[in-house]
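Letter by letter, the chains look like this.
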Amino acid sequence: MQLLRLNLFNFRSWENTEFKPGDGLNIICGGNAQGKSNLLEGIFFLATGKSYRTYRDRELAYQGRNSLAVGGQVRTTTGEFSLVLRWNEKEGKSFTLNREEQGRLADLFGHLTAVVFSPEDLAFIKGGPQLRRQALNLLLLQTSRPYYFHLREYNRILAQRNTFLKRLTPSKGNELLLLSWDEQLAESGAELMVRRQEALTIMKPWIKEYNYRLGSPKKLLVQYQPNINLAPGFDVQAAKNAFLEILSSNRRQEWRRGLTLSGPQRDEVLFLLDEAELRSFGSQGEQRTAALSWKLAETEYVRQRTGEYPLLLLDDVYSELDTKRRQFLTSEAARGTQSFITTTEKEIRPSGAAVWEVSLGKIQRIS
Ligand SMILES: Nc1ncnc2c1ncn2[C@@H]1O[C@H](COP(=O)(O)OP(=O)(O)O)[C@@H](O)[C@H]1O
Ligand SMILES: [Mg+2]
């Protein structure tokens, strides 16, 4: 997949810019606070409708403006299309595909796919499990339409079920009502678990391989740990049954606490480095390398599922890596994928890469 052209209007520090990247590796250099990360954020926003730096869309609009737009021309193996994502204060986000207004924002997923690694991801291993669940969700949202519907359904039922548990007291009638929530919760929850398991099964060998190629002598093992205890290789039916069982055995406790206590909202992804938990025992460097390996494995997952590599966005990765790892990453980023690497170091000019300089709100090719 290739981004032929990117347009930013009032996006972060970019008032009005057109950028036509090269088809392989793009190095984007420039001093601090020149807008390098903002540019990558713009690409990611066009791909997913989300920023990886903020939940508040209004922060994305150029200071003082109440609307923004990001547009792009994209080429895939099957053709070309144009995508424009707009946000304004009154109506929120909307997008057009080939200039045609699209009804649902959720349909944005999957047209342009992107994987990003940014300084924010340094918490990926060390931080709470919600970071790893979010990463899995976003990956699955980009590659599977049904996942979106299952996730939305699951969250909707979960919220309603929690409200129900909080507001109402246990009684025969209420028990019966709860049973019908359980059924729906277990059904969509099982779909999420099975799809997460599938993703990890595909990514697992890649994560291990990338971690090795990034120079780590230790063996990295990544495991999906569904909150509901399940034998590896479980299917939707097994997950649903196990979920229903645990809901029924937790019944009393859930009434008392007014909360759903189990389910994929509590899933975890476990990282083991030579069998020790990376989160607690790994050095910062080991954690960073593992997080990067996960991201590179995501690109392989997207390719396996969609037939196309996603765009690879690497924000400021060089500063944390030694020469050997830099070289590996550069050659990896130049292979098969269109990629974007931001850096403050001007002397990084790998052969074959398009080198860009960002300064004073402008981007221009320098090599
Ligand atoms: N909504 C916004 N409107 C205008 N400027 C912004 C906005 N958000 C961030 N900026 C500015 O963008 C600059 C940082 O850009 P960034 O892309 O993070 O820099 P870097 O080149 O170091 O990656 C800062 O000067 C910040 O004030
Ligand atoms: Mg930056």
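Residues numbered from 1 in each chain as written. Chains lettered and ligands numbered in written order. Predicted model: local features only at pLDDT ≥ 70, side-chain atom pairs only at ≥ 80, totals over all residues.

Across its full length, the protein holds 10 helices and 15 strands. Relative to a compact globule of 367 residues, whose C-alpha radius of gyration would be 21 Å, the protein shows 22 Å and is just as compact. Each principal axis of the C-alpha distribution contributes one length, and for the protein these read about 75 × 50 × 35 Å. Buried residues in the protein amount to 40% of all 367 residues. Considering only residue pairs separated by 6 or more positions, the protein has 71% of its internal contacts joining residues 24 or more positions apart. (Helix = DSSP H or I, 4+ residues; strand = E, 2+ residues; numbered from the N terminus. Rg over C-alpha atoms; globule rule 2.2 N^0.38 Å. Buried ≥ 20, exposed ≤ 12 C-beta atoms within 10 Å, placed from the backbone. Contact = placed C-beta atoms within 7 Å.)

So, on to the pairing of strand β9 (residues 220–225). Taking every second residue as pointing to the same face, the buried face of β9 carries Leu220, Val222 and Tyr224, while none of Leu221, Gln223 and Gln225 on the other face is buried. Note: β9 against strand β10 (residues 268–273), 6 bridges, orientation antiparallel. Following the sheet pairing, Tyr224 is matched in β10 by Val269. (Pairing = 2+ DSSP bridges.)

Turning to the packing of helix α4 (residues 145–167) against helix α5 (residues 172–213), a few remarks are in order. Here α4 crosses α5 at 145 degrees, and the two axes come no closer than 9 Å. Crossing hand, α4 versus α5: left-handed. Between α4 and α5, the contacting residues are Tyr147, His150, Leu151, Glu153, Tyr154, Ile157, Leu158, Gln160, Arg161 and Phe164 on the first element and Leu178, Trp181, Gln184, Leu185, Ser188, Gly189, Glu191, Leu192 and Arg195 on the second. Each residue belonging to the contact of α4 with α5 can be placed in one class, and the counts come to 10 nonpolar, 5 polar and 4 charged. (Axes fitted to C-alpha atoms, helices over the stretch in contact; angles between N-to-C directions. Left-handed = near helix turned anticlockwise from the far one by under 90°. Nonpolar A, V, L, I, M, F, W, Y, C, P; charged D, E, K, R; others polar.)

One non-glycine residue, Asn10, adopts positive backbone phi at about 55 degrees. The topology assignment puts Asn10 in strand β1 (residues 2–11). You can call Asn10 buried: it has 20 C-beta atoms within 10 Å. Positive phi is not limited to glycine here, since Arg12 has a value of about 50 degrees. Tracing the backbone through its elements, the reader meets Arg12 in the loop between β1 and β2 (14–19).

Turning our eyes to something else, we now look at the environment of Phe19. Note on placement: Phe19 falls in strand β2. The spacing of Phe19 and Trp356 is 337 residues in sequence and 10.0 Å in space, taken between C-alpha atoms. In contact with Phe19, other than residues within four places in its own chain, are Leu6 and Ile363.

Parsing the protein into structural domains produces domain 1 (1–113 + 308–367) and domain 2 (124–306). A separation of 29 Å is found between the C-alpha centroids of domain 1 and domain 2. With 15 residues of domain 1 in contact, the opposing surface of domain 2 contributes 15 residues. Among the elements that line the side of domain 1 that touches domain 2, the one with the most residues is helix α10 (residues 323–333), at 4 residues. (Domains from an automatic or database assignment.)

Once that is clear, we can look at the sheet that holds strand β7 (residues 100–101). Read from one edge of the open sheet, 6 strands run β2-β1-β4-β5-β6-β7, paired in antiparallel fashion. This sheet does not close on itself; its edge strands, each paired only once, are β2 and β7. Pairing of strand β5 (residues 79–88) with strand β6 (residues 92–97), which is carried by 6 bridges, proceeds in the antiparallel orientation. Counterpart to Leu85 in the pairing with β6 is Phe95. Helix-sheet contacts for helix α1 (residues 36–48) involve β1, β2, β4 (67–76) and β5, and the interaxial angle to β1 is about 110 degrees.

The subject of this paragraph is the sheet that holds strand β15 (residues 362–365). In spatial order, the strands read β8-β12-β13-β3-β14-β15; together these 6 strands make up an open sheet with mixed pairing. Each having just a single partner strand, β8 (114–117) and β15 make up the two edges of the open sheet. Direction aside, neighbouring strands of the sheet carry axes that sit 20 degrees apart on average. Against the sheet, helix α9 (residues 284–306) engages β8 and β12 (311–315), with an angle of about 175 degrees to β8.

Moving on: the nonpolar core. Core analysis: the largest hydrophobic core is formed by 73 residues, its most contacted members being Ile43, Phe44, Ala114 and Leu313. Broken down by element, the residue count for this core peaks at 8 residues, all from α9. Phe44 has contacts with Ser51, Tyr52, Ala114, Val116 and Leu313, leaving out every residue within four places of it along the chain. With 15 residues, the next largest nonpolar core counts Ile157, Leu185, Ala190 and Val194 among its residues. (Core = buried A, V, L, I, M, F, W, Y, C linked by C-beta atoms within 7 Å.)

In this section: the pairing of β12. Among the 5 residues in β12, 5 count as buried, and that is most of the element. Residues of β12 alternate between two faces, with Leu311, Leu313 and Asp315 on one and Leu312 and Leu314 on the opposite face, all of them buried. As defined by bridge partners, β8 adjoins β12 across 4 bridges and the pair is classed as parallel. Looking at the pairing, Phe117 lines up with Leu314 of β12.

To continue, consider the packing of α5 against α9. Viewed as axis vectors pointing N to C, α5 and α9 meet at an angle of 130 degrees, and their least axial separation amounts to 8 Å. It follows that α5 is oblique to α9 by the angle criterion. Once α5 is placed against α9, the crossing between them reads as right-handed. Of α9, the residues touching α5 (which contributes Ala199, Ile202, Met203, Trp206, Ile207, Tyr210 and Asn211) are Thr289, Ala290, Ser293, Trp294, Leu296, Ala297, Glu298, Glu300, Tyr301 and Gln304. (Parallel < 35°, antiparallel > 145°, perpendicular 65-115°, else oblique.)

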